[in-house]
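Listed below, chain by chain, are the residues.
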Amino acid sequence: MSVAAIADTGQSLLEVEHLTMRFGGLVAIDDVSFSAADRSITAIIGPNGAGKTTVFNCLTGFYKPTEGRLGLRRDDRDFLLERMEGHDIARHAGIARTFQNIRLFSEMSVLENLMVAQHNRLMRASGYSVLGLFGAPSYRKAEALALEHARYWLEQVRLVDRADEPAGSLPYGDQRRLEIARAMCTDPCLLCLDEPAAGLNPRETLDLNRLIMAIRDKHHIGVLLIEHDMSVVMEISDHIVVLDYGRKIADGSPEEIRNDPAVIRAYLGEEEDEDLPPEVAADLSRNDSGSEGDA
Amino acid sequence: MAVIAGSSSGTEPVVWRMALKEGLLAGFVALMLTITLVGFKTVPAAGGLAIETRFIDVGVAVLLLALGRIGLVLVREGNPLPVLPGAIAVAIAGYFIPMPTAFLSFFTVATGAILALRSGWALWRHRGQIASREARDKAMDVFSAKVQRSTIYVAPVAIAFAVALPFIPGLNDRGTVDMATLVLTYVMLGWGLNIIVGLAGLLDLGYVAFYAVGAYSYALLATTFGLSFWICLPLAGVFAASAGLILGFPVLRLRGDYFAIVTLGFGEIVRLILLNWYDLTKGPDGISKIPRPSFFGIAEFTRQPEVGVTAFHDLIGASYSGTHRVIFLYYLILVLALCVNAFSLRIRKLPIGRSWEALREDDVACQSLGINRRNIKLAAFGFSATMGGFAGSFFATRQGFVSPESFTFIESAIVLAIVVLGGMGSQLGIVLAAIILIGLPEWFRDLAEYRMLAFGAAMVLIMLWRPRGLLAHRDPTIYLNKPGRGGRAAAKATGKATEGAPAQ
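Residues numbered from 1 in each chain as written. Chains lettered and ligands numbered in written order. Predicted model: local features only at pLDDT ≥ 70, side-chain atom pairs only at ≥ 80, totals over all residues.

## Quick word on the overall build of chain A
Helix and strand counts for chain A stand at 13 helices and 10 strands. Sorting the 295 residues of chain A into buried and exposed places 48% on the buried side. Long-range contacts, defined as pairs at least 24 residues apart, comprise 66% of the intrachain contacts of chain A with a sequence gap of at least 6. (Helix = DSSP H or I, 4+ residues; strand = E, 2+ residues; numbered from the N terminus. Buried ≥ 20, exposed ≤ 12 C-beta atoms within 10 Å, placed from the backbone. Contact = placed C-beta atoms within 7 Å.)

So this is what it looks like as structure tokens:
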């Protein structure tokens, strides 16, 4: 895959500089800096507890970072995410996310999930409910447009047939894809996917790879991806950031990461340790490298 | 689990032992409960009270409960054959053996009869278990879905009946119309509370506060400034909405139980303010002589109108009757309630309504979609409180008198019970629940002290059989694939643009 070429063409969309997040005495993220390019897929990998989801929570406003600067550039406007409220980040800066444990509105129908995602646009169109109450034509038109937008994304994730069923009744894999569709319905410029392949079978994983690449190539937005499944990460990422115990240990293209000795030692495991789980491998390598972890 | 048909001789003793054990346990529990409550009775006697014992009643009750339990267990475990003759024997015995009270005889016969029916039914159907809980729940869900679908047919009939009620012979007496007015007041409160509890999923235990604010707004504005009902009604809504926003702000960060407790406190605070701010509210004395509403400012409901004021009975050319005003108030609350209903049905399909439901489902996901939770929560509070304020000002004008005693916690609890029992979010369910919880107790006032017992029993039964409420079924607010529903208009509007990808 000529991923490096694409990564080079994309402009820098997200700049994370010296991000630190402390919970009391615990340092979840320690001075992490990286950038994510526009129209490219940036993966954040690392063993469990490395602080990947914390990075997401800082980016999407669920946590206020202790230190650091999170800059996002959208349509030549700069946003400082660490100073914005959570809902404003999604609304104005255009960061959409999915969750590690799926968070759909399970009693509502699949279609309604996607309509809720277009809340702000529809709210404005409904004159903050005043025009909507009287069924103004402008609102009805906006709703029809939103419905078409939702239909488009349902087609992308192949859920058109189940659009009117409660979201909670979908099988697991469909729920994962619906969550991505819902995030895309907010018209984001950066999509943050938190372990989208968790719990999927190999066929569904392949499908997911195609979907994520389509989102990058067709919709020209940046994707930030947390994933444990290396078949996903190595296959589709343009750029990989490796975290371990809250620190960035490597940063580069998949080829570079694959050959990075620190990563191999810390995360992927050495040749003879191939059958060890990554966490164990990471622990082993930590012991090898000696007095590294003093946090 | 269930022993199939009790055919194999090896399992029979097990079943009998199980039945006996459960029967003895039920008898013991019954004994503990009845020995003090039924067994002893204080009767006035010369020089004070004397205790009369009724151990025969206790004995019969305990025996019946134990036998009944044994019978039920046998039927459940697939051995109904010996139960049927036994049950018939109990019923016959109850009929012929003289008992101390008629009620006891009736109770015995009823126990035997119910047991006989149950075992006969099981024999006839060749199976013990009525239906598993899941199957029953599913059947009820299908039923509620059907009811929900049929609402479009039921609603016009119900509205037509409500409109015609004051003129239906036999039902048009003052008492019935008055009671219908009361039921409708609670229906309106239920629909108002449903916005915040059913849609937004915020458990508000202090809804009566908004009701009180509405009632006192009207009472004070009308008695102090002489404003008419028709001016005060929107003002009461505005005041109640402000109260809603004032409450809304501090509880924005709270969720679940904590939220419920704070709203509960707010309800009490409002009542205590009304009770203690004597200069403004006249405290426990209440505000009396609240003006009654006029006929839209055209005429008054009086026998002898003041100079320059038209009397309603002159307007319609009839002789004076006190029921005119009762009927007018009835129509007033009917229209108000229907407005609230139309509003809730409409707003549910708007973005704000959908975001309320989304908030109920998952508020973290709401934030990640760029929804400002603070604003939509406040909106839910504001709208819900406005409805409560309208109902409150209607209450004040209907009673002509308000005092803090009308706004105790039990009112909040009743309205909440209506919403929950009716099935969260179901407009029709709320009407049903209001009729059951408000109408029936009023209707059965003759039952005197058994009234509240029946009320409690009804609540327990509903919670046992329908824990999610009578008509808990949710229909989506918009459809993609179902032509003829919400999707049709949308498909028409952008029929050509189906292929076009959204602008990106």
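## Things to note about the overall build of chain B
Assigned secondary structure in chain B consists of 19 helices and four strands. For chain B, the residues scored as buried account for 40% of the 504 residues in total. Sequence-distant contacts, at least 24 apart, represent 73% of the contacts inside chain B between residues at least 6 apart.

## Looking at the domain arrangement of chain B
Looking at chain B, the domain boundaries give domain 1 (12-130) and domain 2 (143-465). On a C-alpha basis, the centres of domain 1 of chain B and domain 2 of chain B stand 44 Å from each other. (Domains from an automatic or database assignment.)

## Focus on the sheet that holds strand β2 (residues 26-37) of chain A
Backbone-to-backbone hydrogen bonds join strands into a sheet, with any given pair of strands oriented parallel or antiparallel. Residues and elements named next belong to chain A. Spatial strand order, β2-β1-β4-β5: four strands in an open sheet with antiparallel pairing. Each having just a single partner strand, β2 and β5 (77-80) make up the two edges of the open sheet. Ignoring which end each strand starts from, the neighbouring axes of this sheet average 15° apart. Here strand β1 (residues 12-23) pairs with strand β4 (residues 67-74) via five bridges, running antiparallel. Residue T20 lies in a different strand from β4, and its bridge partner there is E67. (Pairing = 2+ DSSP bridges. Axes fitted to C-alpha atoms, helices over the stretch in contact; angles between N-to-C directions.)

## Concerning the interface of chain B and chain A
Taken together, the contacts link 37 residues of chain B with 39 residues of chain A. For the side of chain B that touches chain A, the elements supplying multiple residues, two or more each, are α12 (323-348), α13 (351-361), α14 (363-368) and α19 (486-493) of chain B. In terms of residue count, the dominant contributor to the side of chain B that touches chain A is α13 of chain B (seven residues). Tallied by class, residues from the side of chain B that touches chain A come to 19 nonpolar, 10 polar and eight charged. (Nonpolar A, V, L, I, M, F, W, Y, C, P; charged D, E, K, R; others polar.)

## Examining the pairing of β1 of chain A
Residues and elements named next belong to chain A. Two elements, β1 and β2, share eight bridges in a ladder whose sense is antiparallel. Its bridge partner lying in β2, S12 is registered against A37. From the end of β1 to the start of β2, which pair antiparallel, there are two residues, and G24 there has a positive phi angle of about 60°.

## So, the environment of I418 of chain B
Tracing the chain through its elements places I418 of chain B in helix α16 (residues 409-422). Residues I418 of chain B and I430 of chain B, 12 residues apart in the sequence, show an inter-C-alpha distance of 5.9 Å.

## A closer look at the sheet that holds strand β9 (residues 239-244) of chain A
Residue and element names in this part refer to chain A. Across the sheet, six strands lie side by side as β6-β7-β8-β3-β9-β10; this open sheet has mixed pairing. In this open sheet, the two edge strands, each paired with only one partner strand, are β6 (95-97) and β10 (247-252). The mean inter-strand angle of the sheet, taken between neighbouring strand axes irrespective of direction, is 20°. Across five bridges, the pairing between strand β7 (residues 190-194) and strand β8 (residues 222-226) is parallel.

## Overview of the packing of helix α6 (residues 174-199) of chain B against helix α15 (residues 373-399) of chain B
Residue and element names in this part refer to chain B. The N-to-C vectors of α6 and α15 enclose an angle of 165°; their axes lie 7 Å apart at closest approach. Classified by the angle their axes make, α6 and α15 are roughly antiparallel. Where α6 crosses over α15, the handedness of that crossing is left-handed. Facing α6, whose interface residues are T181, T185, M188, L189, W191, G192, L193, I195 and I196, α15 presents A380, F381, F383, S384, M387, G388, A391, F394, F395 and R398. Residues belonging to the contact of α6 with α15 are distributed by class as follows: 13 nonpolar, five polar and one charged. (Parallel < 35°, antiparallel > 145°, perpendicular 65-115°, else oblique. Left-handed = near helix turned anticlockwise from the far one by under 90°.)

## Considering the confidence of the model for chain A
Residue and element names in this part refer to chain A. Taken as a whole, chain A shows an average pLDDT of 80; of its residues, 86% reach a score of 70 or greater. Here residues 1-9 is a poorly scored stretch, pLDDT under 50, and it has 12 contacts once near neighbours within four places are set aside; other chains count. For the stretch residues 290-295, pLDDT sits under 50, and the model shows six contacts to residues farther than four places along the chain or on other chains. (pLDDT = per-residue confidence, 0-100.)

## What about unusual backbone geometry?
Residue and element names in this part refer to chain A. Unlike most non-glycine residues, D187 shows phi in positive territory, near 55°. As for its placement among the helices and strands, D187 is situated in the loop between α8 (172-184) and β7. The phi torsion at Y245 lies on the positive side, around 50°, for a residue other than glycine. Mapped onto the elements of the fold, Y245 is located in the loop between β9 and β10.

## A short note on the packing of helix α2 (residues 55-76) of chain B against helix α3 (residues 83-96) of chain B
All names here are of chain B. Remark: α2 packs on α3, axes separated minimally by 10 Å, with the N-to-C direction vectors making an angle of 155°. Classified by the angle between their axes, α2 and α3 sit roughly antiparallel to one another. Classified by chirality, the crossing of α3 by α2 is left-handed. For the pair α2 and α3, the contacting residues are L67, G71, L74 and V75 in the first and V83, G86, A87 and V90 in the second. Broken down by class, the residue content of the contact of α2 with α3 amounts to six nonpolar, two polar and no charged.

## Things to note about α13 of chain B
Most of α13 of chain B sits inside the fold, with 11 of its 11 residues counted as buried. Inspection of α13 of chain B places P351, I352, G353, R354, S355, W356, E357, A358, L359, R360 and E361 of chain B among the buried residues, and these make up the whole buried set. Those residues of α13 of chain B that are buried lie in contact with α4 (110-117) and α5 (119-125) of chain A together with α6, α12, α14 and α15 of chain B.

## Some words on α8 of chain A
All names here are of chain A. In a regular helix each residue adds 1.5 Å, so 13 residues correspond to 18 Å; α8 covers 19 Å between its end C-alpha atoms and thus fits that length. When you tally the buried positions in α8, you get 10 out of 13 residues, the bulk of the element. If you check which residues of α8 are buried, you get Q175, R176, R177, L178, E179, I180, A181, R182, A183 and M184. (Expected span 1.5 Å × (residues − 1).)

## Points about the pairing of β8 of chain A
Residue and element names in this part refer to chain A. Counting buried positions over the five residues of β8 gives five, a clear majority of the element. Alternating residues of β8 divide into G222, L224 and I226 and V223 and L225, and every residue in both groups is buried. Where strand β3 (residues 41-45) lies against β8, four bridges are found, and the strand directions are parallel. Its bridge partner lying in β8, I44 is registered against I226. Once you follow β7 into helix α9 (residues 202-219) and on to β8, the crossover reads as right-handed. (Right-handed = clockwise from strand over helix to strand, strands pointing away.)

## With respect to the confidence of the model for chain B
All names here are of chain B. Per-residue pLDDT for chain B has a mean of 80; in total, 87% of the residues score no lower than 70. In the predicted structure, residues 1-9 sits below a pLDDT of 50 and forms 16 contacts with residues beyond four places in sequence or in another chain. Across residues 484-504, confidence stays below pLDDT 50; counting only partners more than four residues off in sequence or on other chains, it has 27 contacts. If you check the scores for this complex, the pTM reads 0.76 and the ipTM reads 0.81.

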